[in-house]
Structure formats: C-alpha cells, structure tokens
Amino acid sequence: MLFSSPIFLFLFLPISLALYYLAPKKLKNVILLILSLGFYTWGEKQMVILILLSALVDYSAGLIINSGKKKLGLILSILFNLGILAYFKYFNFIVSNINSDIITNVILPIGISFYTFQTMSYTIDVYRGHIKANKNFIDFAMYVTLFPQLIAGPIVRYSQIEKELKNRTTTIKQFTVGIQRFIIGLSKKMIIANNCAYFADAAFSLSGHQSSALIAWIGIIAYTLQIYFDFSGYSDMAIGLGKIFGFNFPENFNYPYISKSIKEFWRRWHITLSQWFRDYLYISLGGNRKGDYRTYLNLIIVFFLTGLWHGANWTFVVWGLFHGLFLIVERLGFGGFLKKQNNWLAHFYTLFVVVIGWVIFRSENLNQAINYIYTLFNFKASTNTGFLNFYLTKEVIIALILGLILSMPIYQKVKLYFNNIKENKSIYNLGVLSYNAGLILLFVIYFYYIATEAYNPFIYFRF
C-alpha cells in the first residue's frame, strides 16, 4: 500500500485516525500495532510473520541482555537479523555468482533492510547500557512495525521515541504540521520524482548507439533529482504521519546537493543510515582512533557494506566503494584543498562525483554503467531529436526546473523570513494564507496525477 495511493489516503488513513483518536489512551498502542500489521499484510501477506518473528526475537534478546547474559542476547539478535537479511536479500545474488545456471527465487520482503537495522540498534543500545529493555511486547512490537516509517525509514532508534511509546500527546499545531509535511512529501513524489523518472527510465533503457551525450546528461540529472525527491518525499510523508500520531521521527535529508564535499554529502543524505553505520559499525571498528591506515580500511568496510545494504548487485557495491574512495581522498588532503577554494568549485566537484555515482547506482549492471558514463562524454554522437521531443515533455521540464530550485534551501530561507516578521501581522498572515493555499493547490494537483499516473513505487521500497 503506497502512501500516495487513493486507498491509503481516502480509506486506510481516515479509518486509522478515527480508530486511534477514539481509542482510550491505554489502547492506542494496541490499535497502532493492529493497524501497522494490517498495513504490512496488505502488500506482503504471509511475510508479516517474519516481521513479527523479528520483533519477538529482539524483544527476547533485550530481556536476555537485561537479565545479565549480555553477550548471549546480543549474539542472538545480530545472528538472527543478519541471517534473515542475508537469506532474503542476498541468497539469490550469492548463488548466481557461484553458479549462474542455478535459478533461485527467494522473494525480498519490503522494508527488511530498515526494520532489521532498527531492531539491531535497539539490542546494541540495550547491550551498551544506553537504554533499558522494554518489558511490554505490545509497545515494542508497535515500535518495530509502526507503519509510517516501516517500509523505507527513516531508521528510527528506540531511544529516539522511547518516551513517546509510553506517553504521547498530539496538539492541534503538531497535527497541522504533520498534514503539511505529508502534503509536501506527496508533492515531491508525484510532481517532481515521477516526472523525472519518466525521462530517466527512458534514457537508461537506450543502448549506447541510440543515445547521445545530451540525452545521457539530461537522463542522469533527471535521475539525480528523482531519487532525491522520491526518497526525501517518502521521508517527509513518514515524518508527517508520525507527527499526526504523536511521534517525532528524526530528519533524513538536509539538502544534500548543496554539499561542498563527499563527507558533507553523507552528513546530509539518508542521515539515519549514515549515523547508523557511524555509531554501530565505524566506531566499533575503531573509527579514526587507530591511525590513518586503519581509518581508511574502516571507511572501505563501511562503504562496501553501505553499498551492499542498498541491494544485491555489484553496481551497489561499486557505488559504495566509489564514495568511500573519495572520502579517503578527501582525508588525504584534498578536503583541506577544497576548503581553500571558491565554494562553486567545491560544489561542482561534489555534484560531479555524486552524479557519476548515481550512474553506477541506477544501472542494471556494471557494463551498462560503463557504457552510460562513456556516452556522457561522447560528444561526437548525434542527438536523437525524436526521443527528446517524445520524452522531454512540458511536465518533465517543469519537474526538472522545480527539482533544481527546490534542491536548494530556498524554502527554509522564505520560512525564516516570515518567522522574523511576525510583528508585521498583515504581511505574516498573508504569507501563512499563501502557504496554506499553495498546499491545497498541491493536493489538487495530486488528484490530477493520481487519475493519469500508472503504478510508480518508491525507489527505496526495493532496498
């Protein structure tokens, strides 16, 4: 069930809100658990048993750790979570690399990469003494299965919503902000990401002799905007839904395309995943405390696994190592050099690396990635004007322009401006009125797209 689907917006969500707010306080977690399991079962059917089993194992592991058998509980949690992740996500990949003649068909459960990392963070934090084990299985299972962020994050740590699991209230202001945030995320997905996907998918489907440098560059720029507005749009919707139900989920994006280094990019892109790898893997490996060479090795390990986390394909592994390599280069002194240069040069370098990385990430295999990168710089090839006329529609052009503009923190600056002029009530009220009218207009545009668009899942659903 997609957040952007009519059945979610006009059936599941209204029923969920009615049941949740009509329920007495002591039953709200039970209601949310039932709703979340229903949400997951809608698309995954019997796979809901797996997420319940995951919740039960990590709940038990927390209690075992709490009882004093710390290593036993931690090992149980890590082995179980990595075991199901390895089987469901990587079994087909491993077998095909060992023997391509063997055909396997293990189905990947949606959201498994997110909820396994989420529950592992819980048991590790209990092991480290950062939090106490939850003794209420209903509350813990609700945390694991909470439908707003279940499918594609953000990766919410137990410690971040521990108090809200036990006691939360939703004010009218928080409810309103949640709705606004949800509409913004919905608009990112439907208006920008989906239209960019229309051109990007077509560009990546062309063979080398059918494409040209112009088509390839527009294609990868379209994908660069698509993946950002698709994933950040989902995160916005998840954060908005969380606020509606009384939760404050962590931010997952902070304008990554304004970064001036790859290091900064990873502080702004998929923040909850970056912080997870930093806190639970990089620091555990020694971080940067054991000398330069060990730091470089740790970065390689972390970004190898970061790439592999995204999918069972060598393209993801190479993409992760590609970013890890540039992080090492920046640590070797290039980062200091960039700080001494004009901002535009550092920004250009970062965007160039990120965009080339997205070619690798988007490609079906490494051969396609190499051919696509070659096409980017093959300026001798003639451009297929028929392709551009068909796929570079007005909607795509508008989405590209909006995407480029909204990749910059313009919204934040406008918001800050209006917050600073609250004393001038006429201008401030006009701004608030315009903002709310704009959100209503975006929701109306959604109706247009939902009537004409085909099924278009979120990119990170397959991770």
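Q: Mind showing me how you'd approach the overall build of the protein chain here?
A: Each helix and strand in the protein chain was counted, giving 20 helices and zero strands. Burial status across the protein chain gives 52% buried among its 463 residues. Across the protein chain, every contact between residues at least 6 apart in sequence was considered, and the portion connecting residues at least 24 apart equals 76%. Accessible surface for the protein chain amounts to roughly 22000 Å². Of this, 66% is attributable to carbon and sulfur atoms. Here the protein chain contributes 39 positive and 19 negative side-chain charges, whose respective centroids are spaced 8 Å apart.

Q: Looking at this structure, I do not really get helix α18 (residues 394-406). What am I missing?
A: Three- or four-residue spacings in an α-helix give side chains the same orientation, since the helix completes a turn every 3.6 residues. Under the 1.5 Å per step criterion, the end-to-end length of α18 is 18 Å for 13 residues, consistent within 8% with the ideal 18 Å. Tucked inside the fold, the buried residues of α18 contact α9 (172-205), α10 (213-244) and α17 (385-391).

Q: Can you walk me through the packing of aromatic side chains in this structure?
A: In this description, an aromatic ring pair is defined by two values, namely the gap between the centres and the angle between the planes. Scanning the entire structure with this criterion turns up 63 aromatic pairs. The interplanar angle of 80° and the centroid separation of 5.1 Å between the aromatic rings of Tyr20 and Phe245 together place this pair among those described as edge-to-face. Note that Tyr20 is positioned in helix α1 (residues 6-22) and Phe245 in the loop between α10 and α11 (262-268), a separation of 225 residues in sequence. By relative accessible area, which is 2% here, Tyr20 ends up buried. Geometrically, the ring pair formed by Phe117 and Trp276 is stacked, given 4.0 Å between the ring centres and 25° between the ring planes. Highlighted residues: Phe117 in helix α5 (residues 112-128) and Trp276 in helix α12 (residues 271-282), separated in sequence by 159 residues. Owing to a relative accessible area of 6%, Phe117 belongs among the buried residues under this scheme. Sitting above the plane of the Tyr20 ring, Lys28 keeps its charged end 4.6 Å from the centroid.

Q: Hey, could you run me through the environment of Arg331 in this one?
A: With respect to the secondary-structure elements, Arg331 resides in helix α14 (residues 314-339). Since its relative accessible area comes to 42%, Arg331 is described here as partly exposed. In the structure, Arg331 is positioned 47 residues away from Ser284 in sequence and 20 Å away in space, judged by C-alpha atoms. When sequence neighbours within four positions are dropped, the list of residues in contact with Arg331 reads Tyr282, Asn288, Thr295, Tyr296 and Leu299.

Q: What is the right way to read α12 from this model?
A: Here α12 lies mainly inside the structure; ten of its twelve residues are buried. Listing the buried residues of α12 in full gives Ile271, Thr272, Leu273, Ser274, Trp276, Phe277, Asp279, Tyr280, Leu281 and Tyr282. For α12, the elements touching its buried residues are α5, α11, α13 (292-310) and α14.

Q: Quick question: what am I supposed to make of a nonpolar patch on the surface here?
A: On the surface, a nonpolar cluster with roughly 700 Å² of combined accessible area is contributed by Ile397, Ile398, Ile401, Leu402, Ile405, Leu406, Met408, Ile410 and Val414. Secondary structure elements with two or more residues in the nonpolar patch: α18 and α19 (410-420). If one sorts the elements of the nonpolar patch by residue count, α18 sits on top with six residues. Take Ile398: it is sitting in helix α18.

Q: Looking at this structure, how should I read the packing of helix α6 (residues 137-145) against helix α8 (residues 158-166)?
A: The packing of two helices is summarised by the inter-axis angle and the distance between the axes. Where α6 meets α8, the axes come as close as 11 Å, and the angle between the chain directions of the two elements is 130°. In terms of their interaxial angle, α6 and α8 are classed as oblique. The way α6 lies across α8 gives a crossing that is right-handed. Of α8, the residues touching α6 (which contributes Asp139, Met142 and Tyr143) are Tyr158, Ile161 and Leu165. Here the contact of α6 with α8 is composed, by residue class, of five nonpolar, no polar and one charged.

Q: Is there a simple way to explain the side chain of Lys188 in this structure?
A: With respect to the helices and strands, the residue Lys188 is situated in helix α9. Engagement of the side chain of Lys188 in a polar contact is seen with the side chain of Ser232, the distance being 3.3 Å. In terms of polar contacts, Lys188 uses its side chain to reach the side chain of Asp236, at 2.7 Å.

Q: How should I be thinking about the packing of α1 against α9 in this particular structure?
A: Orientation of α1 relative to α9, taken along the N-to-C sense of each, is 160°, at an axis distance of 15 Å. On the basis of their axis angle, the class for α1 and α9 is roughly antiparallel. Handedness of the crossing formed by α1 with α9: right-handed. Residues Phe8, Leu9, Leu17 and Tyr21 of α1 form the contact with α9, whose own contacting residues are Phe175, Phe182 and Leu186.

Q: Sorry if this is basic, but what is going on with unusual backbone geometry here?
A: Working note: non-glycine residues mostly have negative phi, and peptide bonds are mostly trans. Its identity as a non-glycine residue notwithstanding, Lys45 has a phi of 50°, on the positive side. Its identity as a non-glycine residue notwithstanding, His270 has a phi of 40°, on the positive side. Positionally, His270 belongs in the loop between α11 and α12. Given a relative accessible area of 0%, His270 falls into the buried group.

Q: Before we go on, may I ask you to explain the nonpolar core in this structure?
A: A general tendency of soluble globular proteins is for nonpolar side chains to be buried together. In this structure, Phe8 and Trp358 are the most contacted members of the largest nonpolar core, which totals 133 residues. Per-element tally for this core: the top contributor is α10, with 17 residues. Apart from residues no more than four positions distant in its own chain, Phe8 is found in contact with Met1, Leu2, Phe3, Leu13, Pro14, Phe39, Phe147, Phe182 and Leu241.

Q: Teacher, can you tell me more about a positive patch on the surface here?
A: Taken together, the side chains of Lys263, Arg267, Arg331 and Lys339 present a region of like positive charge at the surface. If you list the elements that add at least two residues to the positive patch, you get α11 and α14. On the basis of relative accessible area, Arg267 is assigned to the exposed category, the value being 52%.

Q: Quick question: what am I supposed to make of the pattern of salt bridges here?
A: Here the idea is simple: oppositely charged side chains can pair when their charged atoms come close. The final tally for this structure, using the stated rule, is nine salt bridges. A salt bridge links Asp236 to Lys188; the shortest N-O distance between them is 2.7 Å. Residue Asp236 is found in helix α10, and its partner Lys188 is found in helix α9; the two are separated by 48 residues along the sequence. Lys188 shares its class with Asp236; the two are buried. The network of salt bridges with shared partners includes Arg181, Lys188, Asp236 and Glu251.

Criteria and cut-off values
Residues numbered from 1 in each chain as written. Predicted model: local features only at pLDDT ≥ 70, side-chain atom pairs only at ≥ 80, totals over all residues. Heavy atoms only, no water. Helix = DSSP H or I, 4+ residues; strand = E, 2+ residues; numbered from the N terminus. Buried < 20%, exposed > 50% of the residue type's maximum accessible area, 1.4 Å probe, protein only. Contact = heavy atoms within 4.5 Å. Areas by Shrake-Rupley, 256 points an atom, 1.4 Å probe, with all protein chains shown as cover. Lys, Arg positive; Asp, Glu negative; His and termini not counted. Charge placed at Lys NZ, Arg CZ, Asp CG, Glu CD. Expected span 1.5 Å × (residues − 1). Phe/Tyr/Trp six-rings, centres within 6.5 Å; stacked < 30°, edge-to-face > 60°. Lys NZ or Arg CZ within 6 Å of the ring centre and 35° of its normal. Patch = residues over 30% accessible without salt bridge, like charges linked within 9 Å, V, L, I, M, F, W, Y side chains within 5 Å. Salt bridge = Lys/Arg side-chain N within 4 Å of Asp/Glu carboxyl O. Axes fitted to C-alpha atoms, helices over the stretch in contact; angles between N-to-C directions. Parallel < 35°, antiparallel > 145°, perpendicular 65-115°, else oblique. Left-handed = near helix turned anticlockwise from the far one by under 90°. Nonpolar A, V, L, I, M, F, W, Y, C, P; charged D, E, K, R; others polar. Polar contact = N/O pair within 3.5 Å; in protein donor to acceptor, adjacent residues only side chain to side chain. Core = buried A, V, L, I, M, F, W, Y, C linked by side-chain atoms within 4.5 Å.

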